[in-house]
Amino acid sequence: MTFDVTALAAAERTDFAVLLKSLSPQQWLVPSLCAGWTVRDVVAHMLSYEELSPLGVLRRFADARLRFSAANTVGLADYAGYDPPQLLDLLDRSIRPRGLTTAFGGRIALLDGMIHQQDVRRPLGIPREIPADRLLAALKFALFAPPIHARSRTRGLRLIATDLDWTAGRGLEVRGRGEALLMAIAGRRGVTDELSGPGVELLHNRIGR
C-alpha cells in the first residue's frame, strides 16, 4: 500500500485544528503527556519549525549544540509570547507542512502531528479513532525517525498491532492497538497498561516508571 504522506499530514493537522478550536482557555493550560509542557506548549512546539528557513533551522540547532531536545527548548522559547488564537492562526496557515516538517516526504509532519495530538487528547480525555492509513504510515516511520529514539525502547521486541495489519521487530511479543503502540514507541508513560504480551514489562521499564 502506498500513501501520499503530505496529504495524510495535512489531514492530521486539520483534525488537530478542529480539536484545538473546541478547547476552553482552561484546557489549553492542562499538562500534556510531554513532561513539563501544557497543551499550549505542545502546539507551540509543533509549529515552531514551520516558518524557519533552512538557515534558520541550522541556527536553531547550532544554538542547541545539535541536540534535538535543546532545539525544541529554543523553539518553545521563541514562541513563548504566542497565545492560543495566534497559535491557531499559525496552524491554519500551516495545514500543509512547510519547512523542516516536510522532511522524509512529509513523514516528520505526520508523525509529529499525530503523536502530539494524542499528547493533548489523552490527558483531556478526548479519544478518537485515527484513520488506519495515517496510523499505519506513522507506525512505519516511527521506528526510524531520528527524534523518536525508538531503537533503545524496541530492541528485542516484536510489536504487533491488534487493529491493523502491522508488525515490527523480533523477540518478545508486545500486542495492542496501533495508537497505544505508537505512543509507547515514542516513550510516553502510562501507555503500556494498554498493551499485553511477554515483552510489556521490558518496554515499560525502558520507558520509565
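Residues numbered from 1 in each chain as written. Predicted model: local features only at pLDDT ≥ 70, side-chain atom pairs only at ≥ 80, totals over all residues. Heavy atoms only, no water.

A. Spatial organisation of unusual backbone geometry. The phi dihedral of Phe104 falls on the positive side, at around 60 degrees, and the residue is not glycine. Tracing the chain through its elements places Phe104 in the loop between helix H5 (84-92) and helix H6 (107-124). (Helix = DSSP H or I, 4+ residues; strand = E, 2+ residues; numbered from the N terminus.)

B. Structural detail: the packing of aromatic side chains. One pass over the structure, following the stated rule, counts two aromatic pairs. Taken together, a centroid distance of 4.7 Å and an interplanar angle of 45 degrees make the contact between Tyr79 and Tyr82 tilted. For Tyr79, a relative accessible area of 9% corresponds to the buried category. (Phe/Tyr/Trp six-rings, centres within 6.5 Å; stacked < 30°, edge-to-face > 60°. Buried < 20%, exposed > 50% of the residue type's maximum accessible area, 1.4 Å probe, protein only.)

C. Structural context of H5. Within the sequence span of H5, burial applies to Leu87, Leu88, Leu90 and Leu91. Taken end-on, H5 shows its buried residues confined to a sector of 160 degrees, consistent with a single buried face. Against the buried residues of H5 lie helix H1 (5-21) and helix H2 (39-47). (Arc of directions from axis to C-beta. Contact = heavy atoms within 4.5 Å.)

D. Quick peek at the packing of H6 against helix H7 (residues 132-142). Following both chains from N to C, one finds H6 and H7 inclined at 105 degrees, their axes separated by 9 Å at the closest point. Regarding the angle of H6 to H7, the classification is roughly perpendicular. Seen from H6, the contacting residues are Arg107, Ile108, Leu110, Leu111 and Met114; seen from H7, they are Arg134, Leu135, Ala137, Ala138, Phe141 and Ala142. Class assignment of the residues belonging to the contact of H6 with H7 gives a composition of nine nonpolar, no polar and two charged. (Axes fitted to C-alpha atoms, helices over the stretch in contact; angles between N-to-C directions. Parallel < 35°, antiparallel > 145°, perpendicular 65-115°, else oblique. Nonpolar A, V, L, I, M, F, W, Y, C, P; charged D, E, K, R; others polar.)

E. Here's a closer look at the sheet that holds strand E1 (residues 157-161). Taken together, the three strands give an open sheet; going across it, the order is E2-E1-E3, and neighbouring strands pair in mixed fashion. Each of the sheet's edge strands pairs with one partner strand only, and the pair in question is strand E2 (167-168) and strand E3 (172-176). Summarising the sheet, E1 and E3 pair through five bridges and their orientation is parallel. Across the sheet, Ile160 pairs through a bridge with Arg175, a residue of E3. On top of the sheet, helix H9 (residues 178-185) reaches E1 and E3; it is set at about 145 degrees to E1, its chief contact. (Pairing = 2+ DSSP bridges.)

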